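# Tertiary structure, described
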Amino acid sequence: MLARYCLSVFCIVGWFQSGYSSVCSSPLGMQCHTIPCSSITASSVRNFRHKACKVRLSSGLHYYKPTWTCCGWSPSPYDIKPWLQIYLRHPHIITGVVTQGGCAKRALNSVTAGYKMSYSMDGNTWIFYRTVTGAIKNFSGDANPNTVVMNVIRPVITAIYVRIHPVTWTGVQSLRVKLYGCVDVNECQSNPCRNGATCNNLVQNYSCTCIAGFTGKNCEHNIDDCKPDPCINGGTCFDLVNDFKCACRPGWMGKICQTNLGPDCTCVNGATCTDTVDGFRCICRLGFTGKNCELNINECESKPCRNGGTCSDLVNDYKCACRPGYVGKHCEIDLGPDCTCVIGATCTDTVDGFRCICRPGFTGKNCELKMDELING
């Protein structure tokens, strides 16, 4: 009947008496043998009656049976750093530890008064549970074998292996243990977070860290950056991701349509239109002028061509067509009044007249003589 009572009560009832949240406060199977004996090991044992598997808390229900079947775990008296290890097979969230002293009649004064706890995910790297200040936590144990002491684990830990390290005791070291918590299900495996968000696995829950521009439990909502409407002067707002775009009315420009270009901005010839208080102003390209830069500046008005040259206006420039006997940008070079070079010779100006540069085969002042005729005499 007592064994049946163990299965029906101790394996079902959660740790509601402690005031801890029922979300993750279920017994993890020490009493009901869900955790097998092969998963409970120790640094040492006192004798076969105190082997590691005797650590189950439910053994206390057999306290008055005149047998040695349930007496808790006791390490060797020569073990200076004893520990009891519980292998949970899968990651579990540990929220509470319950301890009690030995249950044999000869162990009435055998209790573990204080202990430390370490945990691991691989059985090789161990971490001692610490306080918020960083010091290794010393958990309170039992004052007598009939006392059940509950220790809430806050913050919770996630572990596959849990070790209990007795540090103080009365009489012979003796211990029974019960763990509370829940299986650590990775709620992020289903990829609930959307739109590039980061999923954070919590205790039987998850949270999403959204990228800029999104909100909601799963970051499923694009934040409407057009609320409130940022566009002014009649502009139309279009929502983007963490941004917006304003389609401005004619005559307006800028991120929020804040720049007034004026109602009659009609700059031409590649001019730049700038806003003014009462309208607009055109910044003309070189060579143009006027309110709208519609006028080509006449560079020939200053009469740059000399010696009778004819000026032709260009854009920001001019060109002089020189009379015979003159050359240069402004027809300023006089080739001389009597330049009479012939037979395609080139006439060049000199200080006192001109000089003819003859074509091959010709000579003379005006290049009028054939050289072969002179040779043949």
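Residues numbered from 1 in each chain as written. Predicted model: local features only at pLDDT ≥ 70, side-chain atom pairs only at ≥ 80, totals over all residues. Heavy atoms only, no water.

## Let's talk about the state of the cysteines
Going by this rule: Our working definition of a disulfide is a cysteine sulfur pair at a distance within 2.5 Å. Segments assigned H or I by DSSP are reported as helices when at least four residues long, segments assigned E as strands when at least two residues long, and all are numbered from the N terminus. Whether a residue is buried, partly exposed or exposed follows from its accessible area with a 1.4 Å probe, protein chains only, as a fraction of its type maximum: under 20%, in between, or over 50%, in that order.
Counted according to the given criterion, the structure contains 15 disulfides. Disulfide pairing places C226 opposite C237 at an S-S distance of 2.0 Å. Here the disulfide of C226 and C237 is left-handed, its torsion about the S-S bond being about -80 degrees. One end of the pair, C226, is in the loop between strand 12 (221-222) and strand 13 (236-240); the other, C237, is in strand 13, with eleven residues separating them in the sequence. The two residues C226 and C237 agree in class, both being buried.

## Considering the nonpolar core
For the record, the criterion: The criterion is simple. A nonpolar core is a set of buried Ala, Val, Leu, Ile, Met, Phe, Trp, Tyr and Cys residues joined through side-chain atoms within 4.5 Å. Throughout, a contact is declared for two residues whenever any of their heavy atoms are within 4.5 Å.
Core analysis: the largest hydrophobic core is formed by 25 residues, its most contacted members being L88, V97, M117, I153, V177 and L179. Elements represented by at least two residues in this core include exactly strand 3 (84-100), strand 4 (111-120), strand 7 (149-170) and strand 8 (176-183). Beyond its immediate stretch of four places on either side in the chain, V177 contacts M30, V55, R56, L57, L84, I86, V97, V98, T99 and I164. One finds C188, A197, C208 and F214 within the second-largest nonpolar core, a separate group that totals seven residues.

## Quick notes on the UniProt feature "domain: EGF-like" (unreviewed entry) in the chain
Going by this rule: UniProt positions are given in the numbering used here, feature names are shortened, and annotations may be inferred rather than shown by experiment.
Residues annotated by UniProt as "domain: EGF-like" (unreviewed entry) correspond here to residues 184-220, 222-258, 261-294, 296-332 and 335-368. Between the C-alpha atoms that bound residues 184-220 the distance is 25 Å, and the span itself is 0% helix and 32% strand.

## Here's the deal with unusual backbone geometry
With an omega of 5 degrees, the peptide bond between R154 and P155 qualifies as cis. Along the chain, K227 connects to P228 via a cis peptide bond; the corresponding omega equals -5 degrees. Within the fold, P228 resides in the loop between strand 12 and strand 13. At C331, a position not held by glycine, the phi torsion is positive, near 60 degrees. Along the chain, the position of C331 falls in the loop between strand 23 (326-327) and strand 24 (333-334). Judged by its relative accessible area of 0%, C331 is buried.

## A short note on the side chain of N366
Within the secondary structure, N366 sits in the loop between strand 27 (362-363) and strand 28 (369-370). Of the residues examined, N366 reaches a relative accessible area of 19% and is grouped as buried. In contact with N366, other than residues within four places in its own chain, are T340, C341, V342, F354 and C356.

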